[in-house]
Every structure is written in structure tokens, then in C-alpha cells.
Amino acid sequence: MEKYVYIETFGCQMNDDDSERMLSFLKDDNFTLCSTPNEADLILLNTCSVREKAEHKVYSMLGRFRSLKEENPELIIGVTGCVAQQAGERLIERAPYLDMVIGTHNIHNLVKLLGKKEKGKKLRIVATELKEDITREEYRVSMPLASKVKATVSIMRGCDNYCTYCIVPYVRGPEMSRAAEDIIAEVKELTKSGVTEVTLLGQNVNSYKGGVGFTELLKLVCGVGELKRVRFVTSHPKDLSRELIELFNTEPKLCRQIHLPLQSGSNSVLQAMKRGYTVESYMEKVHALRSLYPSISLTTDIIVGFPGESEEDFRMTMDAIEDVGYDNIFSFVYSQRPGTVAAELEESLSDSEKKERLYELQKLQKEITASKQSALVGKIVEVLVEGESKASKQELSGRTECNKVVNFSLDDTGTFDKDNIVGSIIQLKITDAFTNSLRGELVWKEANVC
Ligand code: SAH
Ligand code: SF4
Ligand code: F3S
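Everything quoted here is computed from the prediction, not taken from an experiment.

Buried accessible area, meaning the area lost when the parts come together, often serves as the stated size of an interface. Assigned domains within the protein: domain 1 (3–127), domain 2 (136–372) and domain 3 (380–442). Once you take the C-alpha centre of each, domain 1 and domain 2 turn out to be 28 Å apart. Listed by partner, the interface residues are 24 residues for domain 1 and 27 residues for domain 2. For the domain 1 and domain 2 pair, buried surface summed over both sides reaches about 2500 Å², with 51% attributable to carbon and sulfur atoms. The largest contributions to the domain 1 side of the interface with domain 2 come from Met-14, Glu-20 and His-105, which together make up 25% of the buried area.

Rendered as C-alpha cells:
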């Protein structure tokens, strides 16, 4: 009998990947994804706890499903992901209509745990033990939900860095790498289904150790014939090696784009965060990247208002942002996470002061992003076509090597067939620049750029 699962996913790409993996396991049990909770037999909230009030938000989200459970006692509601891992039993105590709390190392057990459901009875499952190993059975080829041509592949899980503000090592456990051969097998399977771009995922991909190192793994992935583009995220600046920097030169499939989270432009704040690098050593790596590949796209994460961040520290962050000239920034107000080292530090700023700093920083970045976008007008770029544009079904959309979205129309000469062009790399001339996207026109179609 066909059953329906409704999944809401929060947080980072690793959670998106986990949701795809859950769906893949659930398909074995005759589940199909549905788009509204009302039609679901199983509702899953895949949660993130990187910022405060995460648990509170889960209770309010769960409240929306309570009446559905009252109407249909056979409905199963589960919380998965990082809040599940952190709060465990407490979630069921506070939301008694919840059936399952599945932590970050228990995704592969989902179907087995669902099998414990007895008709007419509510499930009460809390599966939050952290494993000490990583096994082949936990992973599997999971088709991307959001795209037909690009997929993410988790290459490792957990983190050993324990930056003082961060909850991730506590909720994802110690760093463990999947075997390189399993990753390659997954990538090959994905290409059989039409995937031409993969992004390798990990909290710190540079410390991958799955029989080979990260640079070697990238070479192996780039060697998969059908693949046209390879990206990775996230790269910890302290571990970014010269070998990896130089790989951008020798591997044409490796997109010249790197997310390198700086967090702060002040050495004393970086030290208090236990980031393991200085602004100077970070800048040396940026210069090495830029001198080899002037057009490489750089993005970063910044936290403002870390305990003790002075006005001068904040100005140093603003200066660093101007010096690097990032293509984009993901910026956050510092958020206290229970159990972390920084949670013991006294907060030096009020919420409104932190928000003012964030506003100022985001304003600066908007100007930098806008000028970077405008500089592309008139340029010819290579775009991997992903499908229809979000704004209009008449248009197609794709991304440049630097991960910038470009929308374009097919010409009406009939030269290009919409279905054939998806998944190909084509050349477009940029005609307009907007904050989050570009518009281009076709120059010519190249069947096999890579
Ligand atoms: N592993 C990645 C980051 C994963 S978390 C890395 O080290 O780069 C994603 C981002 O969330 C972090 O880079 C950081 O900027 C932000 N973040 C993490 N904990 C936070 C906290 N307590 N308050 C505010 N932002 C936080
Ligand atoms: Fe968190 Fe630091 Fe690990 Fe990134 S490297 S996940 S910020 S502890
Ligand atoms: Fe959030 Fe967990 Fe990712 S805390 S950022 S979903 S690793």
C-alpha cells in the first residue's frame, strides 16, 4: 500500500542531504513524498540547532500538526536532525503527540523504527545514540529533491574542531569519513540518473580521511566521466592546503569557487572562537587563490557580536570584508548555545547593538555584491542549465562556475530543445544584473565543455 511522507527541512546542506537520504530509505517502505502535511501518513521535521530558540521553534512548528494527529491517530509525527539529537526525550515529554525523535546517527534505522508501530497505538521512540563508526549501510544513493542535474554527496559527518560558539560537534558527533570507494560509487550512480554536478559535503572537508585525503578524493570524483562540475563545502581556512589550492588549476571540472568562513576580522575574537588561524594567515590563503585564479569566487560566514567583540574588532571585520571583496556573505548575530565554551563568556553587547552591527555589515556586503554582479554585464559566461527559472516558466535557469544564477530565454528558431539543454553547459552573454541573479542571452551551445 502506498504511503505518503511530508518532510520539512531546516538548516544546512547536510540536513537537505539527510532529508534526501531519509526519503530514499522510506521509498523501500512504499513511501512517496507529498507536498502538504494534510495528505501525509508520516510527517518529519528535520531540524537545525545552530542558533538559539531552535527547540522552541520546533514546539511551535509541531503545534501546527497537533490537530492532524487528533483527526487521524494513525498519523506518525517525527522530529529528526540536530534539535532531535540535542533535546531527545524532552521533545516527547513537552509534545506528547510526537511519535519519534530520531537523532543524526539514526537516519538509516528509520524504516525499522517505523515498523514498531502497532495499529491504534502511538509510537514512542527516542533514538539518539551517537555511533563510534560510519558504515556503508547508513548511506545510499539519494536523488536530489530540488534539481534533476545537481546533487550533494556527504563525504563525512561530525566535527572535531569545537569552535567555542558552535553546537555542531555536540549534535553531529566526532568527525568520521566515508570510504572513498563508496563516495565514488554513489557519484557514478547519480550520473546514471542525469546528474552532471555534485557538491561534496562536510563540516570541514579539508580534513577528510577516507583512505585517501581530500585532494585525492576530489581527483577521483573529477575522474567520473559523465560529471561536468564538482564543488565542495565547507572548507576550514586553517586546513586549506596548497595542494588543494593548486588543484583548481589542474582539474577543469573543479569549479573556481570556494566558501571559506572567516567568522571575524579580529585576531583576538578569532582566538576566543578557537578558530585556529589569524586574519593574516587567512589573507595569505586568499591571496594565493586570487593570484592563481583572479576570477575565483569567494564567499564566507561572519558572526557579529561574539562575547567581548569591541567596536574596534567589528571595524576589523568590516575592513577584512572590504579587503577580500567577497561575492557573498552569510552573516549571523552571535547566538549563545548551551554547553558550548562561549556560553560561559559574558555577553558584551545588547541585542540591538548586535543587530545594528549586522545591519551595517550586510549593507556593506550588498554594495560589494551589487558591484560584482554589475561587472559581469557584457561578459560571456558558461552556465550549467538546471531547469525552468523560478520566476517564469518561459525561461530557463542555470549557474555559472562561480555559482551565480543566470536566467535566459531559449531562442525561437527551434535550434535548442528545452529538454535536451537541461544538464548541458552553454555559453551566455550577460545582459542584466540584479541582486540575486543575472540575465543572459544565448551565444552558442557547447555539448561537451568538460
Ligand atoms: N563547519 C562550518 C560551519 C558550519 S555552521 C565552518 O566551520 O565553516 C555554519 C555557520 O553558522 C558558521 O560558519 C557560523 O558562521 C554560524 N554559526 C555557528 N554557530 C553559531 C552561533 N552560535 N551563533 C551565530 N552563528 C553561528
Ligand atoms: Fe562548528 Fe567550527 Fe566545526 Fe564549523 S568547524 S562545524 S564552526 S565547530
Ligand atoms: Fe544546523 Fe545541524 Fe547543519 S545544527 S547548520 S543542521 S549541522
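After that view of the structure, there is still more to cover.
This brings us to the environment of Glu-395. Looking at where Glu-395 falls in the secondary structure, it is placed in strand β16 (residues 395–400). Separated by 264 residues in the primary sequence, Glu-395 and Lys-131 have C-alpha atoms spaced 46 Å apart. Not counting chain neighbours up to four residues away, the residues in contact with Glu-395 comprise Gly-387, Glu-388, Ser-389, Asn-407, Phe-408, Ser-409 and Arg-439. At a separation of 2.3 Å, a polar atom in the side chain of Glu-395 contacts the side chain of Arg-439.

Further remarks concern the sheet that holds strand β5 (residues 100–102). Strand order across the open sheet formed by six strands is β2-β1-β3-β4-β5-β6, with parallel pairing between neighbours. Because the sheet does not close on itself, it has two edges, and the strands there are β2 (31–33) and β6 (125–127). The mean inter-strand angle of the sheet, taken between neighbouring strand axes irrespective of direction, is 20°. As judged from the three bridges shared by β5 and β6, these two strands associate in the parallel manner.

Pairing between strand β1 (residues 3–9) and β2: three bridges, direction parallel. If you follow Tyr-4 over to β2, its bridge partner there is Thr-32. Read from β1 through helix α1 (residues 13–27) to β2, the crossover connection turns out right-handed. Looking at chain direction, β1 and strand β3 (residues 42–47) are connected through five bridges and run parallel. Counterpart to Tyr-6 in the pairing with β3 is Ile-43.

Together, Tyr-162, Tyr-170 and Val-341 make up a nonpolar patch on the protein surface, roughly 280 Å² of accessible area in all. Mapped onto the fold, Val-341 is located in the loop between β14 (328–333) and α13 (351–374).

Around ligand 1 sit 15 residues, and of these Gln-203, Pro-261, Gln-263, Asp-301 and Ser-335 come closest. Here Arg-275 contributes a side-chain N or O atom positioned 3.2 Å from an oxygen atom of ligand 1. Alone, ligand 1 offers 540 Å² of accessible surface; in the complex the protein occludes 90% of this.

Turning to the nonpolar core, a few remarks are in order. Within the largest apolar cluster, 67 residues are counted, with the highest numbers of intra-cluster contacts made by Val-198, Leu-200, Phe-214, Phe-232 and Leu-289. Sorting elements by how many residues they give to this core places helix α11 (residues 279–292) first, with six residues. Counting residues in hydrophobic clusters, the runner-up holds 24 residues, among them Cys-34, Leu-68, Val-83 and Ala-95.

Glancing now at a positive patch on the surface. Judged by side-chain charge, Arg-51, Lys-53, Lys-57 and Lys-355 come together as a positively charged surface patch. Tracing the chain through its elements places Lys-53 in the loop between β3 and α2 (54–71). Note on Lys-53: relative accessible area 60%, which makes it exposed.

Conventions adopted
- Residues numbered from 1 in each chain as written.
- Chains lettered and ligands numbered in written order.
- Predicted model: local features only at pLDDT ≥ 70, side-chain atom pairs only at ≥ 80, totals over all residues.
- Heavy atoms only, no water.
- Domains from an automatic or database assignment.
- Contact = heavy atoms within 4.5 Å.
- Buried area = accessible area lost by both parts, 1.4 Å probe.
- Helix = DSSP H or I, 4+ residues; strand = E, 2+ residues; numbered from the N terminus.
- Polar contact = N/O pair within 3.5 Å; in protein donor to acceptor, adjacent residues only side chain to side chain.
- Pairing = 2+ DSSP bridges.
- Axes fitted to C-alpha atoms, helices over the stretch in contact; angles between N-to-C directions.
- Right-handed = clockwise from strand over helix to strand, strands pointing away.
- Patch = residues over 30% accessible without salt bridge, like charges linked within 9 Å, V, L, I, M, F, W, Y side chains within 5 Å.
- Areas by Shrake-Rupley, 256 points an atom, 1.4 Å probe, with all protein chains shown as cover.
- Salt bridge = Lys/Arg side-chain N within 4 Å of Asp/Glu carboxyl O.
- Near = heavy atom within 4 Å.
- Core = buried A, V, L, I, M, F, W, Y, C linked by side-chain atoms within 4.5 Å.
- Buried < 20%, exposed > 50% of the residue type's maximum accessible area, 1.4 Å probe, protein only.
- Lys, Arg positive; Asp, Glu negative; His and termini not counted.
- Charge placed at Lys NZ, Arg CZ, Asp CG, Glu CD.

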